[in-house]
Structures are given as C-alpha cells and as structure tokens.
Amino acid sequence: MLDRLDCAGRPDIKSFTFEELEEEITALGEKSFRAKQIFAWLHARGAESFDGMTDLSAGLRQRLKDSFALTALKTVGERVSAVDGTRKYLFCLEDGNVIESVWMKYHHGNSVCISSQAGCRMGCRFCASTLDGLARNLRASEMLDQIYRIQAMTGERVSNVVIMGSGEPLDNYDNVVRFLRLISHEKGLNISARNLTLSTCGLVPQIRRLAGEGLPITLALSLHAPDDETRKKLMPIANSYPLDEVIPACRFYYEQTGRRLTFEYSLVRGVNDSLSQAQDLARLLKGLHGHVNLIPVNPIKERDFVQSRQEAIRDFKNVLEKNGINVTIRREMGRDIGGACGQLRKSYMEGAR
Ligand code: SAH
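Residues numbered from 1 in each chain as written. Predicted model: local features only at pLDDT ≥ 70, side-chain atom pairs only at ≥ 80, totals over all residues. Heavy atoms only, no water.

**Q** Got a sec to walk through the overall build of the chain? Specific residues and values, please.
**A** A count of helices and strands for the chain gives eleven helices and twelve strands. Over its C-alpha trace the chain gives a radius of gyration of 21 Å, about what one expects of a compact globule, namely 20 Å for 353 residues. Each principal axis of the C-alpha atoms in the chain carries an extent, and together these give about 70 × 45 × 35 Å. A burial count over the chain gives 55% of its 353 residues as buried. (Helix = DSSP H or I, 4+ residues; strand = E, 2+ residues; numbered from the N terminus. Rg over C-alpha atoms; globule rule 2.2 N^0.38 Å. Buried < 20%, exposed > 50% of the residue type's maximum accessible area, 1.4 Å probe, protein only.)

What follows is the structure, encoded as structure tokens:
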C-alpha cells in the first residue's frame, strides 16, 4: 500500500491499477464508467491536474482533489543532441529528488529510457547513477509520467520503453511490475509488452519471479564479463549472484516467456575486452538464444575506466560472430548531452548543492 501513497501520505491515483481505480471511484458513490473516464484522462490523455478533466462535474473534480494526489512531474531541464536529435529530460519529483529520462528517435519509432529509482544502490563501478547511493524507489506513477510528459512535450507517440535509466528495476520490483501493467494497459498508452525492455544487473530471485508475471517483455542482463572474477571487479552484485545462478535464471526466463534475451556488455579497456574473454563469452552464451549488445564504456570523471580501442571492439565482435553469437555494437546516442546513465542528474544535483 505504501507504494501507492505520495510523499504526504495521500493515495496516488495514477499508480492505481484499472481495477483499483474502479473500486476507489465506486467507493466515492460514483458509477463505474467514471473510472474508465478518469483512467483515460490519467493514462491516455495526459491530464496534469483534476481540473484538466473537463468532462467531469466540478463537484466530482473537487472530491477527487480531496481524496487523491495526482502525480505530475515537473520538467526542470531539457537537452537536445545536435548530433542525433536525442533528448534528455530532467524531472523534479514532489520531494525535490531529480531523475532523468532519455527520448530517442529510431526508424521503427520513438523510444524512451526511464529511471526506476532516484539513485541506485547496486554500486556498479562504471556507473554514475550509483555514486551517491539510493535516494528512493519511484512509484509506478513517477515512471509512467516520464513517458506521459515526454509525449506531451515532443508531440509524438512513444512506441518503445526501456527501463535502463537510473536505478535497478528489480530492486523496486512491485512498483516496476505495476508500471509495466499500466503502460501496456489497453485503456492507457497500450504499449505492447514486446516493445518493453527491462535491464537488470542480475537479481536472480526477481528474474525468476518476473518470468511468471505473464508479461512477455524483453529481459536485458547487464553481463559485462564472462567470468565471476572479472565481473566482481565491475559489479558488486556478482558477489551475491554468481554466473552459474544468473545464466540459468535467464534461461528460465526465456523458456517461460519465449522472449529472446539481450546481454549487455560494456567494454572497458584492459578489463573485459580481450580476445580470450570474447571466447569465454561465446562459450557462456552458447545455445541461449541471446543477443549481445556491445557498449563502449562511457567514461565518468569519478572513475578511471577507459573505452576499448576501436580495433579491440571490432575483434571482440568478430570472435562472437564466428562462434555463432548474435551481436551488435550499440550506437551511442546523445553523446554530446551527458550520455551515460545518471551523468546529467549528478551534474544537476552538484550544481544545486
Ligand atoms: N540497473 C540496470 C539498468 C540501468 S543501466 C542494469 O544494471 O542493467 C543500463 C545499462 O547501462 C546497464 O547495462 C549498465 O551496466 C550500463 N551502464 C551504466 N553506466 C555505464 C557507462 N558509464 N558506460 C557504459 N555502460 C554503462
């Protein structure tokens, strides 16, 4: 229940499932079709306030105001890439926390990368989002509204959502699953589960649980190393969940959902980019129906990791391909606007301090 309250302790109407909203609205003595109307205002029509719901009576709008909080993020920053049109947004939450989201234009449609937590507590060494630890989990409404606000600002429909911004989505499991159900709801934005991707550093019990939610979304695993020893140098979570637990959990996810897996691999010079590591990776992923996304690490000033050389990236890719592994090199988007996860948020917070 806590996850459905705003910071002042009022029920957060945008985080209710359709069924919960129906219950709440009929409890106010209203007919259930009102719930449909209100749900559409919240999730399809982008209402930012109860007063914006113009086909409800003034009396009902007042009762809604008295009973619920309506989460609407405040945009406090926008940067547009001169290179590829990627846009980065900074949003302020009601408690003053700031989060970031990215809008990317592709041939197949518009994609938004959302944050699932303010900050993060996973401690991956190369990641800017985790440097100051976790501030708090985001509620479903705060994840949804990143997309709703961006659609309103760009005037263009969002067709794909990736949960790859700040935060570890499976560390905020209930809110994230609630978000996934709402964003794919037929009376909301109705984004198909096939167009939703969740990226995780590898929380094994939650991967297994997600496989049973009946939500056939794409699972992306942040792998970044083919062996535990190297992985531990980059990701503290590898101390809790070794690869011989993570990989079977991914296999289980594939078997349950039929969705092809994505493995993210950020290449760091001299750490995880050797040819023998590419061989090991190919061996590890054999028969997994996965796709490897190679990402040249985006250096952050707080750490001294360096991007792999172009030739090393190319050779690494070749080894995987020769071994029959599907692989792409991630096109870097928005490089000129603070591309790496959490970079923009961090510089904003530092400026504010
Ligand atoms: N917590 C989730 C999602 C957030 S990050 C996860 O770990 O998957 C999305 C992806 O970007 C992850 O694969 C993450 O490891 C990677 N990443 C974060 N910072 C990066 C950086 N500076 N350079 C390259 N990849 C980075």
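Now that the structure is up, let's keep going.
**Q** Break down the pairing of strand S10 (residues 261–267) for me, with residues and values.
**A** In terms of burial, S10 is largely enclosed, as seven of its seven residues are buried. As judged from the three bridges shared by strand S9 (residues 218–222) and S10, these two strands associate in the parallel manner. The residue of S10 that forms the bridge with Ser222 is Glu264. Pairing geometry for S10 and strand S11 (residues 290–296), over seven bridges, is parallel. From the neighbouring strand, Thr262 faces S11, where its bridge partner is His291. (Pairing = 2+ DSSP bridges.)

**Q** For helix H2 (residues 32–43), give the residues involved together with the corresponding values.
**A** Helix length check: H2, at twelve residues, gives a terminal C-alpha distance of 17 Å against a target of 16 Å (1.5 Å per residue), a fit within 8%. Three or more residues of H2 are buried, namely Ala35, Gln37, Ile38, Phe39, Trp41, Leu42 and His43. (Expected span 1.5 Å × (residues − 1).)

**Q** Go over the pairing of strand S4 (residues 109–113) with me, naming the residues and quoting the values.
**A** Along S4, five of the five residues are buried, which leaves the element largely enclosed by surrounding structure. Sheet topology places strand S3 (residues 98–106) next to S4; five bridges connect them, and they run antiparallel. Considered in S4, the bridge of Tyr106 is made with Gly109. Following S3, the chain reverses through two residues before pairing antiparallel with S4.

**Q** Summarise the site of the ligand; cite the residues concerned and give the values.
**A** Looking at the ligand, there are 18 residues lining it, with Ser199, Ser222, His224, Ser266 and Asn298 nearest. Between the ligand and Gly167, the relevant distance is 3.0 Å, taken from a nitrogen atom to a main-chain nitrogen or oxygen of the residue. Contact with the protein chains removes 94% of the 530 Å² of surface that the ligand exposes when unbound. Elements with a minimum of two residues in the shell around the ligand: strand S8 (196–200) and S10. Along the lines of polarity and charge, the residues of the shell around the ligand split into eight nonpolar, eight polar and two charged. (Near = heavy atom within 4 Å. Polar contact = N/O pair within 3.5 Å; in protein donor to acceptor, adjacent residues only side chain to side chain. Areas by Shrake-Rupley, 256 points an atom, 1.4 Å probe, with all protein chains shown as cover. Nonpolar A, V, L, I, M, F, W, Y, C, P; charged D, E, K, R; others polar.)

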